[in-house]
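# Structural overview
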Amino acid sequence: MNWHKYLHKAWNGFYEKKKNNGEEIMSYLNSFAENHKTRIAVIQRHLQRENYHFGKWKAVLIPKKDGGNRPLIIPNTIGDKLVLKAISDYLSDSLSSLLSGVSSISYAYQKGKSTRDALIQLKKMHNPNNILLKIDIKHFFNEIDKTILVQLLEQYPIDDYVRDLICNGINPTIDYSSLKKSDIDKFPQGGIPQGNPISAVLSNLYLYELDKLAISKGWKMVRYADDMVISVSNIENAKLVLEQIAKYLLDNRKLTIHPLENSSDAKTAIFLNPKQDRMKYLGVIFDGQNLFPTNECCYQLIGKIKNILKSALTYDKKEIAIKKAIAQWCGYYAFTDISNIQIKRMDSSINYQIRKHKLNMCKVNMIDVLFKTRKRQNNRFMKIFNPIKFGEEYGWLNIYS
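Read on for a plain summary of the structure. On a predicted model such as this, the values are computed, not experimentally measured, just so you know. (Residues numbered from 1 in each chain as written. Predicted model: local features only at pLDDT ≥ 70, side-chain atom pairs only at ≥ 80, totals over all residues. Heavy atoms only, no water.)

Within the open sheet, the 3 strands sit side by side as β2-β1-β4. Their pairing is mixed. Bordering the open sheet on either side are β2 (69–75) and β4 (174–175), each of which pairs with just one other strand. (Pairing = 2+ DSSP bridges. Helix = DSSP H or I, 4+ residues; strand = E, 2+ residues; numbered from the N terminus.)

Turning next to the pattern of salt bridges. Inspection of the entire model under this criterion finds 14 salt bridges. The partner of lysine 123 in a salt bridge is aspartate 337, and the shortest N-O contact between them spans 2.9 Å. In this pair, lysine 123 sits in helix α5 (residues 115–125) while aspartate 337 sits in the loop between α15 (315–333) and α16 (340–356), placing the two residues 214 residues apart along the sequence. A salt bridge links glutamate 319 to lysine 323; the shortest N-O distance between them is 3.0 Å. In this pair, glutamate 319 and lysine 323 are both assigned in helix α15, 4 residues apart and thus about one turn of the helix distant. Classification of lysine 323 as partly exposed rests on a relative accessible area of 46%. (Salt bridge = Lys/Arg side-chain N within 4 Å of Asp/Glu carboxyl O. Buried < 20%, exposed > 50% of the residue type's maximum accessible area, 1.4 Å probe, protein only.)

So, on to the environment of leucine 272. Among the secondary structure elements, leucine 272 is positioned in the loop between β8 (268–271) and α13 (274–277). Counting along the chain gives 158 residues from leucine 272 to serine 114, while the straight-line C-alpha distance between them is 27 Å. With near-sequence residues (within four places) excluded, leucine 272 lies in contact with Ile131, Ile235 and Asp277. (Contact = heavy atoms within 4.5 Å.)

Our next topic: the environment of leucine 91. Mapped onto the secondary structure, leucine 91 falls in helix α4 (residues 78–99). A relative accessible area of 0% places leucine 91 in the buried class. Once the C-alpha coordinates of leucine 91 and leucine 282 are considered, the two residues, 191 residues apart in sequence, prove to be 25 Å apart.

All right, on to the sheet that holds strand β9 (residues 279–281) then. In a beta sheet, neighbouring strands are held together by backbone hydrogen bonds and run either parallel or antiparallel to one another. In spatial order, the strands read β9-β10-β11; together these 3 strands make up an open sheet with antiparallel pairing. A single partner strand is all that each edge strand has here, and the edge strands are β9 and β11 (291–293). For this sheet, the mean angle separating the axes of adjacent strands, direction not counted, is 35 degrees. Of the pairings in the sheet, the one linking strand β10 (residues 284–286) to β11 comprises 3 bridges and is antiparallel in character. Note that in β11 the partner of isoleucine 285 across the bridge is phenylalanine 292. (Axes fitted to C-alpha atoms, helices over the stretch in contact; angles between N-to-C directions.)

What follows deals with the nonpolar core. Where a protein is soluble and globular, its nonpolar side chains tend to be buried together. Counting 76 residues, the largest nonpolar core has Trp11, Ile87, Ile230 and Ile245 as the members making the most contacts within it. Ranked by the residues each element gives to this core, the list is headed by α4, at 11 residues. Apart from the residues within four sequence positions on either side, isoleucine 230 is in contact with Ile131, Leu132, Leu133, Ile135, Trp219, Lys220, Met221, Val241 and Ile245. By size, the runner-up hydrophobic cluster in this structure holds 46 residues, among which are Ala269, Leu291, Cys297 and Ile343. (Core = buried A, V, L, I, M, F, W, Y, C linked by side-chain atoms within 4.5 Å.)

So this is what it looks like as structure tokens:
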């Protein structure tokens, strides 16, 4: 285990992320950054001597976008965060050859993969004449059985001390002192800590055999963490696959799935006519042929711009922040088949807010931003989109051939 390499890589990623979020002014971060090489060297010596100990981790409730709170267990120190990330990267490298065997199925928490890749694969693999089966595992991270997980880890060539650290990392000492007694009950008593970088990698190992089962059965399946979609020929096959997956998860991983429901945003559902019913998955709508951003995703960008305009930033900084927000949004959703109506509505709403707050900046043109973004994007997305005839309105939206 090359602790020097993995710790410095973890620090570089951590610091850049904090800087980009505007957190470089935080005293604890500056203090660590000023002599980070010395501090990392101290951490490295403890790891090499195999006497590193995680501190207490803090229990916090993070607000969800759709209301309510998400209970998370977060390390208090930068040192613990770097060690966890170093272990996560080491695990990813150690298991990469294993997970490459299910690369067409599994897309979460892996280098070079994202929700976008999962959605592109879904569009690529699905036959429009098929129906869609969507499955979500109940309380996935909270229900992972640690005994099964440790047994799985023992099957692979992982450094013994790293394995011990992993066990400590999924069984942390937790500080609940900042919470009310009523809030403490919201935290799970089992499973592995959600939001922990090693938990993310371990979740793929935990479901690796399910991915292999999908390949052996010839299922057209995409899985992102605990959310999966299968393209099947008819409702009988959908029910059979659903039954087989539910049985495997319960018998082999002590996991259950959400009950079958009939709605576009149901966690587990069968979509007999995706063109009409439209399935929501990973922040987009899939109608069996095309992918569209959900209205919620569009509203989030508009809401973010409203907050920027209401902020105490100078006019120049507001303009920069707005352009950055639009560029980031387009950077993700440029791969979708976003509709003309959605683009026009977003342009209208954003420009209205800019006029309302009397910000003197050029009129926002999302079409132009999306066009430039698509031209820059990786060639691996090009073959997904169908070519169109020149002269069609907003034809650039499907410029790939």
